[in-house]
Amino acid sequence: MNERLKLKKKYKNINKMIHSNISSNINNNLNMLKEIYTSNLNTDCIFREFVITVNNIKYNSFIIFFEALSDSDSINQHIIKPMIEKEHSISNIDLKNCITENIITHRNIEETQSIHDILLKINIGNCALFIDTLDICYIIDTKKNEHRTVSKPINEVAIKGSHVGFVESIQSNVGLLRKFINDENLVLDKYKIGKRSNTACIIGYIQNIADPLIVENVKNKIKNISIDYLLNSAQLEQLIEEHPLSLAPEIISTERPDKIASHLSEGRVCIIVDNSPYVLIVPCTFWDLFHTPEDYNLKFQHSNFIRFIRLIAMFCSLLLPAIYIALTNHHVALIPTDLLFSIAAIEETLPFPLIIEILIMELSLELIREAGIRMPNSIGSSLGIVGAVLLGQATVDAHLVSPMLILVVAITAISSFATPNYSLAFSIRILRFLYILLAATMGFLGVFCGGIIHLIILANMTTFGIPYFVSFDKYNKQPFRDMITLAPIWLNSFRPAFLNSLDKIKSAKYARKWDKKKGNI
Amino acid sequence: MNKKYISNFSIICFLINFTLSNLILSLPIVYSKIAGTATVFLSIYTFILALTLLFITSKLYKKFYGIGLFDICEYIGGKVLKYIIISFYFLTFFLMSVLYLREVSESIKILLFDTTPIIYISIFFIVAMIISNISGFDGIIRLCGYIVPISILFIIITIVFTIPYMGLMRLYPIAGTGIFEILTNGSTQIVSYLAFTLLYIFVKHIKEQKTLNRIGFIYILISFILITVTVFANTSIYIYPYNNNNFFALYELSKLSGLTSFFIRSEILYIFALLLISFSFLISLFYGVTYSISSIVKTNKNVIIYTILGILIYIFSNIPKNIIEVFNYTEFINNYLVIPITFITPTLLLLIANIKRLINRSEYEKFIACKSNNS
């Protein structure tokens, strides 16, 4: 207990130190930093002491940096070498300025007195230089830029689209975004989130397109997050969403810069978080979750076809097992007679009620899916095959479930993979069980009751001031241009109306000027 | 902060919802009973009546644009009149909810669950009504924007596929039960267009007077087309008076249509439309109930009040012994409460308000200024 009290007292003292300024006595500074960084234990925290001579006066100095985060070559070449290599004799200039102007050759130097600022900079890979008699510290940018090189997006593959994905480095992601947008009106506003982690976070928008109210709303939320550590964008997503209890995703998360560029050009706002390859887009409506970057790269007929398929897939994934139960348990009169006879003949030989059969199959499917994700890649695929053979063939042979049900569950599983948004697919998987229970209770009446309540809840949601389940006429000035269906790019001349963009028109009425001359449109 | 308006599309769908709810159940049979083979004429007649009423009310309302009907009551007769009118609206919506809940539950019992007790079926509707109204009006109206077009599509598909069965000879005698009968008894069927008077209650959500008139006109026009097409199909396919037995006229039509050999059980479309419309209509009616009560009682305990009201509707809906009793009550309520409250009262109130405006201009200006400051 005594030990705990001692430790508490120690950390209280350290906290006091952090919020103070540095002193002009170098030993005080050195001891303080050694205590803060627990230098006897933290071996990667380097304290390098040396002496510099300026105008024949010797000054004790030291630098502090993290070996793993800082670029050693840069420190050696631009800081240590010029300082200790020779004696410096400079006239008409004080020591403070002499360091930055005549000795250190590195391009990026800042001066600060606050210990808190110094620690923040050291923690992200900068090097801090302390010189005796000076009550300031020099922060030199020596960050090591080690990160995964820009590569293909892993989870959002597009055939005709760009093959570039975001990485874990915020600088690289900003660069990618600037390259894609290429507009001087793109604003990338930097913030820090996390009292301890100080994670860099950038809010991006095109200032003469995005609605200032939405931008302000996002900034407000980011500024008012009080958390110790923010590790990635997924955590931020949960922190800023307006309906945390809702199953439906309210924010789009993507690893594709082209998708971000497309959304920013419509007047939305993106949030880039350091150390995260996923960038967030707000506000997002229900229908945006069905759109993929690929849609805009294909001919509009092809895009409409795949959007239609995706809608059917979502419908099947959510409701197919429930409809099957409703029809076979409650509304047999609605099944065509031939089909009814074949279903009845099979069901007669099975021991369990249909609801049990379907729950067994659905739970087994979820089990295979979860196991497949956790398994190493090489084993994962074989697990799928084993699962399919084991669950499909064996259960039918053992007369536990009907082949018709296997077909229904298989179509449901395939459909759930066709949902483009991972979070949406997840919510559908959970809701499917609810619909199955409702269908088992009261057939179509139960399904419709659940569906209506579900839709009303979605329709009542707003994200960043925008209705989540936006109505047809609010989606676009020209409805159906880019909501469920997609119009040809040359006819899609308005930004979504609900975004209330400062510039509502995104292309001329006649985007293909030659058509205007011919009067073809 | 900008004022929050509802999109015109959603509000039109919200209003059409009221027409569809009748159309999908007993409206064709009621038309047929009144007009015989002249259902189309009855439909045209009610359409003209509704348009005339819209024209009159919109003219009377011109000087009060942006002020809800309840506030106009306050202008005429102070808080007392306001509360009396709200109470009548509350009673109308409440009784309509009770009777429609029972009617739709009975219909679903007949069509889908013949062995299930009616009290069990009603629970599903009541739960949806309470939860939806707790969620809020925005969601209800946006939901109508999706449900109504889908339901209209189902109805149109059903009717299109019955075209081969239609015979114009079944429309004879062309005057049906007689011109006098149609003009007198038929006038009560203006109740099919009752929803447009709700515009004067929810007016704060509509941008301008011009939009209000346009919404009212579009609503009446679409409702007229839907009613005419349905009653025409019913009368031209089933010979009079046999078609008077078709309680679910659209259901019979959907069974008949068959949608060719590819879709054998085409009546499923009717079932889906019935469920969609019933849910959205009951939710909208219940919104009328909760809106009226919240205009009188300002409280934060909405959840409790809505739940209590929902339970009361559920209990009252189980009082009628059978569906025939429900029809009798509905007819009584329509004639003695719904028509006076939804058509006669707004027109009279607007007329009195205009007279008062002409007599005392300074009071009118003060009232308008006060209301626009409040909004």
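Just above sits the structure.
Just so it is clear, the structure is predicted and the values come from calculations on it, not from any experiment.

## Description of the overall build of chain B
Scanning chain B from N- to C-terminus turns up 13 helices and 0 strands. Beginning at the N terminus, the succession of helices and strands in chain B can be written as α-α-α-α-α-α-α-α-α-α-α-α-α. Since a compact globule built from 375 residues should have a radius of gyration of about 21 Å, the 21 Å found for chain B is in line with a globular shape. Expressed as lengths along the three principal axes of its C-alpha atoms, the size of chain B is roughly 65 × 45 × 40 Å. Among the 375 residues that make up chain B, the fraction classed as buried is 58%. A fraction of 83% describes how many contacts in chain B between residues 6 or more apart in sequence connect residues 24 or more apart.

## A word on the pairing of strand 7 (residues 199-206) of chain A
All names here are of chain A. Across the 8 residues that make up strand 7, a large majority, 8, are buried. Note: strand 6 (residues 186-193) against strand 7, 8 bridges, orientation antiparallel. Bridged to leucine 186 within strand 7 is isoleucine 206. Linking two consecutive strands that pair antiparallel, namely strand 6 and strand 7, is a turn of 5 residues; a positive phi of about 105° is found at glycine 194 within it.

## Here we look at the packing of helix 1 (residues 8-23) of chain B against helix 6 (residues 137-160) of chain B
Angle between the axes and distance between the axes are the two parameters that describe a pair of packed helices. Residues and elements named next belong to chain B. It is the contact of helix 1 with helix 6, at a shortest axis distance of 8 Å, that shows an interaxial angle of 55°. For the element pair helix 1 / helix 6, the angle class is oblique. Judged by the sense of rotation from one axis to the other, the crossing of helix 1 with helix 6 is left-handed. Residues Phe9, Ser10, Ile11, Cys13, Phe14, Ile16, Asn17, Leu20 and Leu23 of helix 1 pack against Phe137, Ile140, Ile141, Cys144, Gly145, Val148, Pro149, Ser151, Ile152 and Ile155 of helix 6.

## A few points about the interface of chain B and chain A
Counting residues at the interface gives 35 residues for chain B and 32 residues for chain A. Of all residues in chain B, Arg142, Tyr146 and Arg265 of chain B bury the most surface against chain A, accounting for 24% of the area lost on that side. Connecting chain B to chain A are 0 salt bridges. Our enumeration of links across chain B and chain A arrives at 5 residue pairs in polar contact (both at pLDDT 80 or more). The greatest single-element share of the side of chain B that touches chain A, amounting to 9 residues, is contributed by helix 5 (residues 118-135) of chain B. Taken together, the residues of the side of chain B that touches chain A sort by class into 22 nonpolar, 9 polar and 4 charged.

## Observations concerning the sheet that holds strand 9 (residues 269-273) of chain A
All names here are of chain A. In spatial order, the strands read 6-7-9-10-8; together these 5 strands make up an open sheet with antiparallel pairing. Of all strands in the sheet, those bounded by a partner on one side alone are strand 6 and strand 8 (252-254). Taking the axes of each pair of neighbouring strands and ignoring which way they run, one obtains an average angle of 25° across the sheet. Strand contacts of helix 7 (residues 212-223): strand 6, strand 7, strand 9 and strand 10 (279-282), with the helix running at about 175° to strand 7, the strand carrying the most contacts. The sheet contacts of helix 8 (residues 233-240) involve strand 6, strand 7, strand 8, strand 9 and strand 10, and relative to strand 9 the element is tilted by about 135°.

## Here's the deal with the side chain of threonine 254 of chain A
Residues and elements named next belong to chain A. Summarising the element assignment, threonine 254 is placed in strand 8. Of note is the side chain of threonine 254, whose polar atom sits 2.9 Å from the side chain of glutamate 156. Beyond its immediate sequence surroundings of up to four residues, threonine 254 is in contact with Glu156, Phe166, Lys259, Ile260, Pro277, Tyr278, Val279 and Ile281.

## Description of the pattern of salt bridges
Two side chains of opposite charge can pair, provided their charged atoms sit close to one another. This structure, assessed with the given rule, holds 23 salt bridges over all chains. When the shortest N-O distance is used, the salt bridge between arginine 369 of chain A and glutamate 366 of chain A registers 3.8 Å. Here arginine 369 of chain A pairs with glutamate 366 of chain A, and both are found in helix 13 (residues 354-374), just 3 residues apart, close to one helical turn. Overall, glutamate 366 of chain A belongs to the buried group, its relative accessible area being 14%. With a shortest N-O distance of 3.4 Å, lysine 82 of chain B and glutamate 74 of chain B are connected by a salt bridge. The network of salt bridges with shared partners includes Glu362, Glu366, Arg369, Arg429 and Arg432 of chain A.

## Some details on the packing of aromatic side chains
Tallying each qualifying case throughout the model produces 33 aromatic pairs over all chains. Their ring planes at 75° and their centres at 6.2 Å tell us that phenylalanine 286 of chain A and tyrosine 468 of chain A sit as a pair that is edge-to-face. Separated by 182 residues along the polypeptide, phenylalanine 286 of chain A in the loop between strand 10 and helix 10 (293-297) and tyrosine 468 of chain A in the loop between strand 12 (466-467) and helix 17 (472-475) bring together distant segments of the chain. With respect to burial, phenylalanine 286 of chain A and tyrosine 468 of chain A carry one shared label: buried. Put simply, the rings of Phe14, Phe18, Phe70, Tyr89, Phe93, Tyr100, Phe137, Phe281, Tyr287 and Tyr291 of chain B touch in pairs and so form one group of aromatic residues. Over the aromatic face of phenylalanine 464 of chain A sits the side chain of lysine 221 of chain A, whose NZ or CZ is 4.2 Å from the ring centroid. The residue whose ring lies beneath lysine 356 of chain B is tyrosine 75 of chain B, and the NZ or CZ to ring-centre distance is 4.9 Å.

Calculation notes
- Residues numbered from 1 in each chain as written.
- Chains lettered and ligands numbered in written order.
- Predicted model: local features only at pLDDT ≥ 70, side-chain atom pairs only at ≥ 80, totals over all residues.
- Heavy atoms only, no water.
- Helix = DSSP H or I, 4+ residues; strand = E, 2+ residues; numbered from the N terminus.
- Rg over C-alpha atoms; globule rule 2.2 N^0.38 Å.
- Buried < 20%, exposed > 50% of the residue type's maximum accessible area, 1.4 Å probe, protein only.
- Contact = heavy atoms within 4.5 Å.
- Pairing = 2+ DSSP bridges.
- Axes fitted to C-alpha atoms, helices over the stretch in contact; angles between N-to-C directions.
- Parallel < 35°, antiparallel > 145°, perpendicular 65-115°, else oblique.
- Left-handed = near helix turned anticlockwise from the far one by under 90°.
- Buried area = accessible area lost by both parts, 1.4 Å probe.
- Salt bridge = Lys/Arg side-chain N within 4 Å of Asp/Glu carboxyl O.
- Polar contact = N/O pair within 3.5 Å; in protein donor to acceptor, adjacent residues only side chain to side chain.
- Nonpolar A, V, L, I, M, F, W, Y, C, P; charged D, E, K, R; others polar.
- Phe/Tyr/Trp six-rings, centres within 6.5 Å; stacked < 30°, edge-to-face > 60°.
- Lys NZ or Arg CZ within 6 Å of the ring centre and 35° of its normal.

Such coordinate-based values are descriptive only and should not be taken to indicate function.
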